[in-house]
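Here are the chains, one letter per residue:
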Amino acid sequence: MPKLLPDQSFYPSPSMAMKAAPETLAYVALLNPNPTANDALGVIDLDPTSPTYGASIGGVDMPGAGDELHHFGWNACSSCLCPYSPHPHMQRRYLVVPGMRSSRIHILDTQPDPRNPRVVKVIDAAEVIGKTGYSRPHTAHCGPDGIYINALGDRAGTGPGGIFGAHPETFEIKGRWERDRGPQHLAYDFWWHLGHDTMITSEWGTPAMVEEGVNPELLLAGKYGNALHVWDLHTRRHLQKLELGPEYQMVLELRPAHNPTEAYGFVGVVTSLKDLSASIWVWYRDGHNKQSAWRVRKIIDIPAEPADAAELPPLLKGFGAVPPLVTDLNLSLDDRFLYVSCFGTGELKQYDVSDPFNPLETGSVKLGGIVRRQAHPSRPGHRLNGAPQMVEISRDGRRVYVTNSLYRTWDDQFYPDGIRGWLAQVNVTPGGGMQLDQNLFLEFDGMRPHQVHLDGGDASSDSYCFA
């Protein structure tokens, strides 16, 4: 008689996930820079024993054009083991892949052959908008009770943006998540502290503010997002707005502690209106009970680098400097190392955040960059454009994967010569430090790689209910 067992890629705790077998495949969202053409999901072989190691071994084209694939996720993950909403019968099988411009959502089945995923369902924009009132889906996360997806705006491309739910097996859209949104209007990322019944959301801008690129007038007027929002995860009600200040523009990627007993996390800010620097902030609960207030504090400044105006794109010529442009960050499963991508200067930074309020920089690698154009060591003299942008970390924390495309119109503003897509592996020294892998550097012919997810889970795809 067959036994009903949880998916073997579900782990009660992050420490157990770290002991799992290494990844063998990467799934990569691939943007077609031609907005009238089709995006794709690529598959990369990460098995060092395989004859095709480090190569693109397949993929699937999206059925429609103009999607702008961005942040996708699994239908189910380790959060299915949470005791208050158990779904142990679920499988990490389907990839939920939103099209941020098209407002379509694609469901890809990775079974029976994980190397050859198939599109098995497309939820069209009319259904998404009709059932939620939201458009431009951005990020998909698997939660204890289903799939959560956020969106940047309303049906008209203005605000507010927000979150909606979907069933993890039928993929039926459930409707808006928020019951009381309070002052929240702008949207970007969302994550949660399952052990504290709390969700955190961040701010970028409405579709009308971001789809045609950075709007200098809006930026200099401080109109992009500059706050975090705290929510009660179960009542779906807004609790607090944590303002960073109007100087800090575009409060983007959220990385909460993986340990569910902890109540802190990290967020990156793209730029400061004062000096073009980027920054990292920590949010935290200022106390040990549910009534304690949440706070936010800046812990890292990353300065802009002086540059000759002749080497800068038109958007930056008047500043005489390259901004770091922190556009992604990621946290290892042991909550020790924070990785920060600098899409402007062309650098991936590593910080030891064992003490989250006193980070120590422990490593750096340079690739690409607006001015630097740093080559990969496996191809000296081959100047790269783009820069480390999306960051993914293996479960054991020993490998980091970076890709070099941000968002089509923003790519073209900061790299007017056109992003030439690549993916690189960075190897991590256990005590701190990192170096580029000489063997895994993959360039994409005409496509621009964005988010990476690993088979069996990774540092940004799962959340846990046990320490």
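A. Layout of the overall build of the protein. For the protein, the helix and strand inventory stands at 5 helices and 30 strands. A compact globule built from 467 residues should have a C-alpha radius of gyration of about 23 Å, and the protein, at 20 Å, falls within 12% of that. Over its C-alpha atoms, taken along the principal directions, the protein stretches across nearly 70 × 55 × 45 Å. By residue count, 63% of the 467 residues in the protein fall in the buried class. Taking as baseline every contact in the protein between residues at least 6 positions apart, the subset at least 24 positions apart corresponds to 58%. For the protein, the exposed surface amounts to about 16,800 Å²; the carbon and sulfur share of it is 51%. Computed over 41 positive and 53 negative side-chain charges, the separation of the two mean positions in the protein equals 3 Å.

B. Geometry of the sheet that holds strand β24 (residues 347-352). The sheet built from 4 strands is open, its strands ordered β22-β23-β24-β25 with antiparallel pairing. Two strands in the sheet have a free side with no partner beyond their single neighbour: β22 (326-331) and β25 (360-366). When strand polarity is set aside, the average angle formed by the axes of neighbouring strands in this sheet is 20°. When strand β23 (residues 337-342) meets β24, the two strands line up antiparallel, connected through 6 bridges. Following the sheet pairing, V340 is matched in β24 by K349.

C. Layout of the side chain of D335. Here D335 is to be found in the loop between β22 and β23. With no salt bridge to any partner, buried D335 finds its closest opposite charge in R255, at an N-O distance of 11 Å. Only 3.1 Å separates the side chain of D335 from the backbone nitrogen of N259, close enough to count as a polar contact.

Cut-offs applied
- Residues numbered from 1 in each chain as written.
- Predicted model: local features only at pLDDT ≥ 70, side-chain atom pairs only at ≥ 80, totals over all residues.
- Heavy atoms only, no water.
- Helix = DSSP H or I, 4+ residues; strand = E, 2+ residues; numbered from the N terminus.
- Rg over C-alpha atoms; globule rule 2.2 N^0.38 Å.
- Buried < 20%, exposed > 50% of the residue type's maximum accessible area, 1.4 Å probe, protein only.
- Contact = heavy atoms within 4.5 Å.
- Areas by Shrake-Rupley, 256 points an atom, 1.4 Å probe, with all protein chains shown as cover.
- Lys, Arg positive; Asp, Glu negative; His and termini not counted.
- Charge placed at Lys NZ, Arg CZ, Asp CG, Glu CD.
- Pairing = 2+ DSSP bridges.
- Axes fitted to C-alpha atoms, helices over the stretch in contact; angles between N-to-C directions.
- Salt bridge = Lys/Arg side-chain N within 4 Å of Asp/Glu carboxyl O.
- Polar contact = N/O pair within 3.5 Å; in protein donor to acceptor, adjacent residues only side chain to side chain.

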